[in-house]
Amino acid sequence: NKRRAEGKPFDKPNIVTGANVQVCWEKFARYFEVELKEVKLREGYYVMDPEQAVEMVDENTICVAAILGSTLNGEFEDVKLLNDLLVLKNKETGLDIPIHVDAASGGFIAPFLYPELEWDFRLPQVKSINVSGHKYGLVYAGIGWVVWRNKEDLPDELIFHINYLGADQPTFTLNFSKGSSQVIAQYYQLIRLGHEGYRNVMENCRENMIVLREGLEKTGRFSIVSKDEGIPLVAFSLKDNSSHTEFEISEMLRRYGWIVPAYTMPANAEHITVLRVVIREDFSRTLAERLVMDIEKVMHELDELPSRVIHKISLGEVKSEDNGDNMVVTVKKSDIEKPIEINVKKSDKPIFC
């Protein structure tokens, strides 16, 4: 509206985020035809760089979206530094670029574990914050909300009023009819636990996270990718993945009842593969210790297997061909990689997994 009033183009809005942004932002950008300007990651730094983000800001920028608790490694982005840099940028350019904080997970973590951390409305450029109750709000899936700094930060033209339910009712969401069970559940948790209760839960999650992290470090096989300050999760990678990969570990852990996702980092850190364990209220210290033991068992089993061949056989990605005394096994690594061939003696016993 400001650019329209100034007679300037207003048809190419953009949002600046990190490449680690949650997929909902990509959906929004595509559905509403908003350009998503992503700050690329780099090895060892897996969140948005505030300095690079502010450099990408221009007159068409709607906001800079900071993530309080990256999905990839749980790390909090530096909202304070981003705010300070934006304040300077706005003064120099005459722009007024706000910050939206995506605190889907961290919104229920930071207030209880890191109360001195400045990421919220204490910072002048933070205009809106969203949080998910179905993560660390301790409610089942389906509840989340957004809070604006001031009433004027949510324009009236974006609010619709209906009165066919018996009274004037403002609505902002895209969908309308929805059950109230999650709202009731969230209300119950808030009044039942209170500030002290949520703090106790989050502190317990952090303690169990430390137990798991230290257990993985003691194996000597993994590098910890997650940070001490952030969501209580442990993201870790193999120090040496020349023989076996994080994907193989994830697959074999399923035999012990664990679903531990393995995934690659976004651009420009796609060559980094990570395993992630999120510590929730019901993830006890006993479970943390058991998971470490099961990971050690998996690593021992993998050490006993030929490098990578068994994983590919289990996925049906190998083809065998009789070639005299040897059996030539062609392993398809991926759709974009060249197949590799491994000579296996016919006398070798087959290994099933």
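Worth saying up front: this structure is predicted, and the values here are computed from it rather than measured. (Residues numbered from 1 in each chain as written. Predicted model: local features only at pLDDT ≥ 70, side-chain atom pairs only at ≥ 80, totals over all residues. Heavy atoms only, no water.)

1. A short note on unusual backbone geometry
Then step 1. Residue Asn268 is bonded to the preceding Ala267 through a cis peptide linkage, with omega at 0°.
Then step 2. Its place among the elements puts Asn268 in the loop between β11 (262-264) and β12 (273-278).
Then step 3. Positioned with a positive phi, Glu33 is a non-glycine residue whose angle comes to about 55°.
Then step 4. Take Glu33: its relative accessible area is 69%, and that puts it in the exposed class.
Then step 5. Residues other than glycine seldom take positive phi values, yet Leu138 does so here, at roughly 70°. (Helix = DSSP H or I, 4+ residues; strand = E, 2+ residues; numbered from the N terminus. Buried < 20%, exposed > 50% of the residue type's maximum accessible area, 1.4 Å probe, protein only.)

2. Some remarks on the confidence of the model for the protein
Then step 1. Chain-level pLDDT for the protein is 88 on average; 86% of the residues reach the 70-or-more range.
Then step 2. Confidence scores differ between elements of the protein, with strand β15 (residues 340-345) showing the lowest mean pLDDT of 45 and strand β4 (residues 99-102) the highest of 98.
Then step 3. Between residues 331-353, whose pLDDT stays under 50, and residues either more than four places distant or in other chains, the model counts 39 contacts. (pLDDT = per-residue confidence, 0-100. Contact = heavy atoms within 4.5 Å.)

3. Quick notes on the pairing of β12
Then step 1. By the criterion of burial, β12 is predominantly enclosed, with five of the six residues buried.
Then step 2. Where β11 lies against β12, three bridges are found, and the strand directions are antiparallel. Its bridge partner lying in β12, Thr264 is registered against Thr273. (Pairing = 2+ DSSP bridges.)

4. Some details on the sheet that holds strand β5 (residues 126-132)
By way of backbone hydrogen bonds, the strands of a sheet pair with one another, either parallel or antiparallel.
Then step 1. What the six strands build is an open sheet, ordered β2-β1-β3-β4-β5-β6; its pairing is mixed. Either end of the sheet is taken by a strand with one partner, and the two such strands are β2 (35-39) and β6 (144-148). Taken pair by pair, the neighbouring strands of this sheet meet at an average axis angle of 20°, ignoring direction.
Then step 2. Here strand β1 (residues 14-18) pairs with strand β3 (residues 61-67) via three bridges, running parallel. (Axes fitted to C-alpha atoms, helices over the stretch in contact; angles between N-to-C directions.)

5. Points about the packing of helix α6 (residues 181-219) against helix α8 (residues 285-303)
Then step 1. Following both chains from N to C, one finds α6 and α8 inclined at 20°, their axes separated by 9 Å at the closest point. Our classification of the angle between α6 and α8 gives roughly parallel. The interaxial crossing formed by α6 with α8 has right-handed handedness. Of the residues in α8, those touching α6 at Asn208, Val211, Leu212, Gly215, Leu216 and Thr219 are Arg285, Ala288, Glu289, Leu291, Val292, Ile295 and Glu296.
Then step 2. When its residues are assigned to classes, the contact of α6 with α8 shows seven nonpolar, three polar and three charged. (Parallel < 35°, antiparallel > 145°, perpendicular 65-115°, else oblique. Left-handed = near helix turned anticlockwise from the far one by under 90°. Nonpolar A, V, L, I, M, F, W, Y, C, P; charged D, E, K, R; others polar.)

6. Regarding the nonpolar core
Then step 1. In terms of nonpolar packing, the biggest core is built from 74 residues, with Val64, Val101, Leu212 and Ile249 touching the most fellow members.
Then step 2. For this core, the element with the highest residue contribution is α6, accounting for nine residues.
Then step 3. Those residues in contact with Leu212, other than ones at most four positions away along the chain, are Val234, Val277, Ile279, Ala288, Leu291 and Val292. (Core = buried A, V, L, I, M, F, W, Y, C linked by side-chain atoms within 4.5 Å.)

7. Side note on the packing of aromatic side chains
For any pair of aromatic rings, the description rests on two quantities: the centre-to-centre distance and the angle between the ring planes.
Then step 1. Using the criterion set out here, one finds eight aromatic pairs in the structure.
Then step 2. Ring plane angle 85° and centroid distance 6.1 Å describe the contact between Phe108 and Trp145, whose orientation is recorded as edge-to-face. Placement of the pair is Phe108 in the loop between β4 and α5 (110-113) and Trp145 in strand β6, with a sequence separation of 37 residues.
Then step 3. Residue Phe108 is classed as buried on the basis of its relative accessible area of 7%.
Then step 4. Between Phe112 and Tyr198, the ring centres sit 5.7 Å apart and the planes meet at 15°, which makes this aromatic pair stacked. Taken together, the residues Phe112 in helix α5 and Tyr198 in helix α6 connect sequence positions 86 residues apart.
Then step 5. Among the aromatic residues, those joined into a ring-pair cluster are Phe108, Phe112, Trp145 and Tyr198.
Then step 6. Positioned over the ring face of Tyr136 is Arg280, at 5.6 Å from the centre of the ring. (Phe/Tyr/Trp six-rings, centres within 6.5 Å; stacked < 30°, edge-to-face > 60°. Lys NZ or Arg CZ within 6 Å of the ring centre and 35° of its normal.)

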